[in-house]
Amino acid sequence: DTAVSQTPKYLVTQMGNDKSIKCEQNLGHDTMYWYKQDSKKFLKIMFSYNNKELIINETVPNRFSPKSPDKAHLNLHINSLELGDSAVYFCASSQVISRGELFFGEGSRLTVL
Amino acid sequence: GENVEQHPSTLSVQEGDSAVIKCTYSDSASNYFPWYKQELGKRPQLIIDIRSNVGEKKDQRIAVTLNKTAKHFSLHITETQPEDSAVYFCAAIMKSSGDKLTFGTGTRLAVRP
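Being a predicted model, the structure only gives us computed values, none of them experimental. (Residues numbered from 1 in each chain as written. Chains lettered and ligands numbered in written order. Predicted model: local features only at pLDDT ≥ 70, side-chain atom pairs only at ≥ 80, totals over all residues. Heavy atoms only, no water.)

Novice: Give me the lowdown on the environment of D27 of chain B, citing residues and values where you can.
Specialist: All names here are of chain B. Within the secondary structure, D27 is located in the loop between β3 (19-25) and β4 (32-38). Given the relative accessible area of 5%, D27 is considered buried. Between the alpha carbons of D27 and S97 there is a distance of 9.2 Å; along the sequence they are 70 residues apart. Reaching out from D27, the side chain makes a polar contact with the backbone nitrogen of A29 at a distance of 2.9 Å. (Helix = DSSP H or I, 4+ residues; strand = E, 2+ residues; numbered from the N terminus. Buried < 20%, exposed > 50% of the residue type's maximum accessible area, 1.4 Å probe, protein only. Polar contact = N/O pair within 3.5 Å; in protein donor to acceptor, adjacent residues only side chain to side chain.)

Structure representation (structure tokens):
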């Protein structure tokens, strides 16, 4: 079974639309993250949740709203999509917040037209 | 702000040669330094990490060195093989930013057969 799974893997949409990416981990980890990787391959943390509680909230437009219904799930909802939102979004989890190995999902490639 | 600088951004070596990637960090309280490898179209995966209580760690052809005084750490790959071709990211815990794991800008390594 995949440790960290995210859906969809590919997402193509028009500017102004709203979309969601879902993430689930079956590792029993307490902490989950969303990272954004742009075309230059820079990996930037967006959000971190520890046991359903928001821990890290980087300078991200409030069009991005994470939701963690339980510690095994962390979803990302994006409103009013813009061209600059095009990127690969990686979900990740770790046993302890920001320590030890990060286990990444396969990534969700979002293309905004 | 707190950041991690990584050099070089691209590196091309002949198969069998060594490759060295260097990173510097700004938070003197940082105590955990992982390295991730991301193959083309894949997720980043941890390959080696080092904590601040040691100066060097080795795992087969991969080694990492840490100089806490100078606030820099390096990844060394010996006897490079074509399958080592990937983007490599260093990272460091930013204690002053709530234990945030901050990634370097990545190094694209190409190993020529």
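Additional details are given in the paragraphs that follow.
Novice: Talk me through the interface of chain B and chain A; I want residue IDs and the actual numbers.
Specialist: Residue-level contacts link 19 residues of chain B with 18 residues of chain A. Buried area between chain B and chain A, summed over both chains or domains, comes out near 1800 Å², and the portion from carbon and sulfur atoms is 55%. Area buried by chain B at its contact with chain A is led by R43, K100 and F103 of chain B, which between them contribute 30% of it. One can count 2 salt bridges joining chain B with chain A. One can count 5 residue pairs in polar contact (both at pLDDT 80 or more) joining chain B with chain A. The class makeup of the residues in the side of chain B that touches chain A is 8 nonpolar, 4 polar and 7 charged. (Contact = heavy atoms within 4.5 Å. Buried area = accessible area lost by both parts, 1.4 Å probe. Salt bridge = Lys/Arg side-chain N within 4 Å of Asp/Glu carboxyl O. Nonpolar A, V, L, I, M, F, W, Y, C, P; charged D, E, K, R; others polar.)

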